Amino acid sequence: MRMRWSRMAVYAAAAVIVIVIVILLAHLTPKPPVKAVESARVKLAQAGSKKADTYSRKIYTEARILFDSAMANWSRENKRFIYFRNYGKVEMFANQSAKKSEEAADNAVNNSVSLKKNLDEKLDTLDKLVDDLTKFFNDYPLSTEVRNRISKGKLLLEEGRVNYKKGDLIPANRKVTDAEYLLTSCHDIATTNLKNYFNSYPTWRRWVNATIKESEKSGDYSIIIDKFSRKCFLYLNGVKKFEFDAELGTNWVGDKRVKGDKATPEGMYRIAKKMDTGRTKYYKALLLDYPNDEDKRRFREEIERGSLPRNAKIGGLIEIHGNGGKGIDWTEGCIALTDNEIDVVFRNVKVGTPVTIVGSVVDLQNAMKR
């Protein structure tokens, strides 16, 4: 009996020892940092949901690389003998990845908010710029290159707006920024051109004053053409009696220089001939005495300076005629009115009536307000 109890005690002691050894071995077995890795994975996913890959790409990429490093080290340690494993680097990379993911998420939110605000401001500014270009330069003779750049800028602006409404802020910003460059540069070119054109305003004002004064003194009619506002004014006794819309040469900015330049001349002229229906292809027409002595003098000076070729021709046959009302500048340099309007003018003027053509009857500041 004693022997049996002794054996049982030995077995029990052995079992206890085994259990203790198992517990010790389990305690000594390296544990992978599951919680740290899972936390890094969740925070990386959260950063992705906030579009950190788009709005904080650099930091988000660093977070992904750190997470991939954690997983690579975990895989490498799992291939080693269980008691030789060391998950220290796994936990370190996982913690660093989690921290970078949080930073990327915060940065993405801040960047997207800032980018959206910036786009709001740009879109508002560019809309006003497009309005300016349309209002003041839609009918202004700009070069084909500038016109093409404006068209491209408007197209990019609309494409950027579509991206913006979809929430695709990065491509929206790229397109809007390109549109901003094109439209701003074209607006600057057009504005500079217009300002240079209006340098002649003091001369225009002098011509207009002289024409109105002549009408007042003679008690008769005189005509003033304002090219910038596309207006034809008919004065009587120095007072404006009629006002009509006018259509000009397709290249109306500046003075006429040579035959075929499609420019409407600027200067003080007179009606040289009245042509009724059947005597002109334009319903009715008033032929002006272009070129006058001043035009011929300026033309000769340009030839002498070499700014015009020796074989250049000064041109002529500038008229105020009918067949207008097209809503665009389409003539070869003449001034077109509707048939009803040319009837009014034709009825009230005569050969010798003054016709003064200027860029504008008001200065640039006031012209831009009209």
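What counts as what
- Residues numbered from 1 in each chain as written.
- Predicted model: local features only at pLDDT ≥ 70, side-chain atom pairs only at ≥ 80, totals over all residues.
- Heavy atoms only, no water.
- Phe/Tyr/Trp six-rings, centres within 6.5 Å; stacked < 30°, edge-to-face > 60°.
- Buried < 20%, exposed > 50% of the residue type's maximum accessible area, 1.4 Å probe, protein only.
- Lys NZ or Arg CZ within 6 Å of the ring centre and 35° of its normal.
- Salt bridge = Lys/Arg side-chain N within 4 Å of Asp/Glu carboxyl O.
- Helix = DSSP H or I, 4+ residues; strand = E, 2+ residues; numbered from the N terminus.
- Pairing = 2+ DSSP bridges.

## Regarding the packing of aromatic side chains
Point 1. Tallying each qualifying case throughout the model produces 10 aromatic pairs.
Point 2. Aromatic pair tyrosine 197 and phenylalanine 198: ring centres 6.0 Å apart, planes at 85°, arrangement edge-to-face. With respect to burial, tyrosine 197 and phenylalanine 198 carry one shared label: buried.
Point 3. Each member of the aromatic cluster is reached from another via a ring pair, and the members are Phe137, Tyr140, Tyr197, Phe198, Trp204, Phe228 and Trp252.
Point 4. The ring of tryptophan 330 has lysine 326 sitting right over it, with the charged end atom 4.0 Å from the ring centre.

## Considerations on the pattern of salt bridges
Point 1. Per the stated rule, a full pass over the model turns up 27 salt bridges.
Point 2. For lysine 240, the salt bridge identified is with glutamate 243, shortest N-O distance 3.1 Å.
Point 3. On the basis of relative accessible area, lysine 240 is assigned to the partly exposed category, the value being 42%.
Point 4. On the basis of relative accessible area, glutamate 243 is assigned to the partly exposed category, the value being 40%.
Point 5. Across the pair aspartate 295 and arginine 298 runs a salt bridge, and its minimum N-O distance is 2.8 Å. Of this pair, aspartate 295 and arginine 298 both sit in helix 9 (residues 293–305), 3 residues apart, which is roughly one turn of that helix.
Point 6. Bridged by salt links that share partners, the residues Asp255, Glu294, Asp295, Arg297, Arg298 and Glu301 form one connected network.

## A closer look at the pairing of strand 5 (residues 285–288)
Point 1. Burial along strand 5 is two-sided: Ala285 and Leu287 and Leu286 and Leu288, pointing in opposite directions, are all buried.
Point 2. With 4 bridges connecting them, strand 4 (residues 267–275) and strand 5 associate as antiparallel partners. Following the sheet pairing, methionine 275 is matched in strand 5 by alanine 285.
Point 3. By the bridge criterion, 3 bridges tie strand 5 to strand 6 (residues 319–321) in an arrangement that is antiparallel. Paired with leucine 286 across the bridge in strand 6 is isoleucine 320.

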